[in-house]
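# Overview (structure and organization)
Spelled out from the first residue to the last, the chains are:
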There are 2 protein chains.
Amino acid sequence: MKVLVVHAHPEAKSFTSAMKSAAVDVLTAAGHSIEVTDLYALNFNPVANAADFGAPKNDEYLVYALEQRHGFETGTLSADILTEVEKVRRCDLLLLTFPIYWFSTPAILKGWIDRVFVSGAFYGGRRIYDRGAMVGKKALVCATLGGRQSMVCDGGIHGDLAMMLRPLLQGTLGYVGFDVLEPFFAYHVPYIQHQERTEILNAWRASLGALEHRPAMQMPALADFDETLSRRLSSECLGTT
Amino acid sequence: MKVLVVHAHPEAKSFTSAMKSAAVDVLTAAGHSIEVTDLYALNFNPVANAADFGAPKNDEYLVYALEQRHGFETGTLSADILTEVEKVRRCDLLLLTFPIYWFSTPAILKGWIDRVFVSGAFYGGRRIYDRGAMVGKKALVCATLGGRQSMVCDGGIHGDLAMMLRPLLQGTLGYVGFDVLEPFFAYHVPYIQHQERTEILNAWRASLGALEHRPAMQMPALADFDETLSRRLSSECLGTT
């Protein structure tokens, strides 16, 4: 497999960075080829902006998604975006490693998505979910957080963490067609000791060694929705069969 | 009321920007005082970084939330953060105006949250939701999107939009204690005509004129959760009363 690891942590010695490094080690040892986009190390610009388009279709009025489509078709997207687009397009597995900030990605990773998941190249119109351009590729989220599992589960004060991350898991990765594997979460990270961190790292390494058995999350299928993308009433319900 | 408008759109002539300007007009005419943080105009830096802390507690190993707490206590947060923190602390209503990118805020706004919603000043430990530091203030989200309402409702392919925005509405604004008013959404914006945009702007102006009647979303209450922040089983369920 070709693996693209996109990593977003401001501290190179962090536990999240250790999770990233463990992934690179395990996947390399298993014979996969790895590319890493370390967003902080690259000083990646996360701000979607008119300067992203070298030859805009309309330089008087920016509609970002329309310029993405035009920029991709004409090969005039800015170089930093194009580099990342090509990395994603050639990977078989996209692995995101980051600390959860406000039940979401850090801004630098959100901006990588805003700028790199280009309309036209990744999705367009009804080419989403099982018709998205990334169909056939897998995506895996590995995220760390300060909270305990008891706070971010059904019955926890914030609710289920994977539900909280639905904008990323479904609304982004699933949307463009990835098979989204069940995410891996490391809880309570700033407050635990070496032994517990070692256990988490071991569990993470074991997960990576068994990726082919890791279940994918259920995503919407276009065939279940009508032309307005509302759910079709089944013909049995309507009594028309 | 003191109102802080935080606006994030890369095109100053956009419909989202018109929504922001309409808010400033209507709220000013109603006698409120308004401050605006226009993130693109400010060229706001959205990347949480070691440079955010003038006198870090630990300059060898960055734990972002811990440095936020220390930086706030010692008054050594970077000036751009401190300016925004003070704006939020003195407002009665926080209004966010932005286009939805990937079922979430644009990165520049996500980074405003990452850097400005400072641990210690906005929340800490169990000082969250109805015990968060922003209790007594209101927050309102006004967001535009390309999608139609039929795609982002119950039964739509992406599910309910307010559920998709739960990381922001509950996990961020509710978390720090704001009364989170029902959000205002403008659908299908790049594809509609002048007449329909005018109707949306009129509805938005009318909403702003009736803010005191706008319902707040339900948020968790700390009293319903135990010390691990799991939901308490009611004493009736346990049969112990």
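Residues numbered from 1 in each chain as written. Chains lettered and ligands numbered in written order. Predicted model: local features only at pLDDT ≥ 70, side-chain atom pairs only at ≥ 80, totals over all residues. Heavy atoms only, no water.

## Describing the UniProt feature "domain: Flavodoxin-like fold" (unreviewed entry) in chain A
Short version of the rule: UniProt positions are given in the numbering used here, feature names are shortened, and annotations may be inferred rather than shown by experiment. Secondary structure counts use DSSP, requiring at least four H or I residues in a row for a helix and at least two E residues in a row for a strand, with both numbered from the N terminus.
UniProt's feature table lists "domain: Flavodoxin-like fold" (unreviewed entry) at residues 1-206 of chain A, given in the numbering used throughout. Between the first and last C-alpha atoms of residues 1-206 of chain A the distance is 17 Å; the span itself is 38% helix and 15% strand.

## Here we look at the pairing of strand β2 (residues 33-38) of chain B
All names here are of chain B. Defined as follows: Two strands pair if DSSP finds at least two bridges between them. Looking down the strands as they point away from you, a crossover is right-handed if its path from the first strand over the helix to the second goes clockwise.
Note that strand β1 (residues 2-7) and β2 share six bridges and pair parallel. Paired with Val3 across the bridge in β2 is Ile34. The β-α-β motif built from β1, the intervening helix α1 (residues 15-29) and the parallel element β2 has right-handed crossover chirality.

## Examining the pattern of salt bridges
Residue and element names in this part refer to chain A. Note the threshold: One speaks of a salt bridge when a side-chain nitrogen belonging to Lys or Arg is within 4 Å of a carboxyl oxygen belonging to Asp or Glu. Burial status follows relative accessibility: with a 1.4 Å probe on protein chains alone, a residue under 20% of its type maximum counts as buried, one over 50% as exposed, and anything between as partly exposed.
Counted according to the given criterion, the structure contains 14 salt bridges over all chains. Note that Glu35 and Arg90 form a salt bridge whose closest N and O atoms lie 3.0 Å from each other. Pair noted here: Glu35 is in strand β2 (residues 33-38) and Arg90 is in helix α4 (residues 79-90), with a separation of 55 residues, a long-range link. Classification of Glu35 by relative accessible area gives partly exposed; the value is 28%. By relative accessible area, Arg90 is classed as partly exposed at 41%.

## Comments concerning the interface of chain A and chain B
How big an interface is tends to be stated in terms of the accessible area lost upon association of its parts. What counts is decided by this rule: Here, two residues are considered to be in contact whenever any of their heavy atoms come within 4.5 Å of each other. As used here, buried area is the combined drop in accessible area, with a 1.4 Å probe, of two parts when they are placed together. Any pair of nitrogen or oxygen atoms within 3.5 Å is treated as a polar contact; in protein, a donor-acceptor pairing is required on top of that, and neighbouring residues in sequence qualify only through side-chain atoms on both sides.
With 56 residues of chain A at the contact, the number on the chain B side is 56 residues. Carbon and sulfur atoms make up 64% of the surface buried where chain A meets chain B, a total of about 4600 Å² over both sides. Viewed at the interface, chain B and chain A are joined by zero salt bridges. On inspection of chain A and its partner chain B, the count reaches 24 residue pairs in polar contact (both at pLDDT 80 or more). Put simply, the parts of the chain that give the side of chain A that touches chain B at least two residues each are α3 (64-74), α5 (107-116), α6 (161-164) and α7 (166-174) of chain A. Element by element, the count of residues in the side of chain A that touches chain B is highest for α5 of chain A, at six residues.

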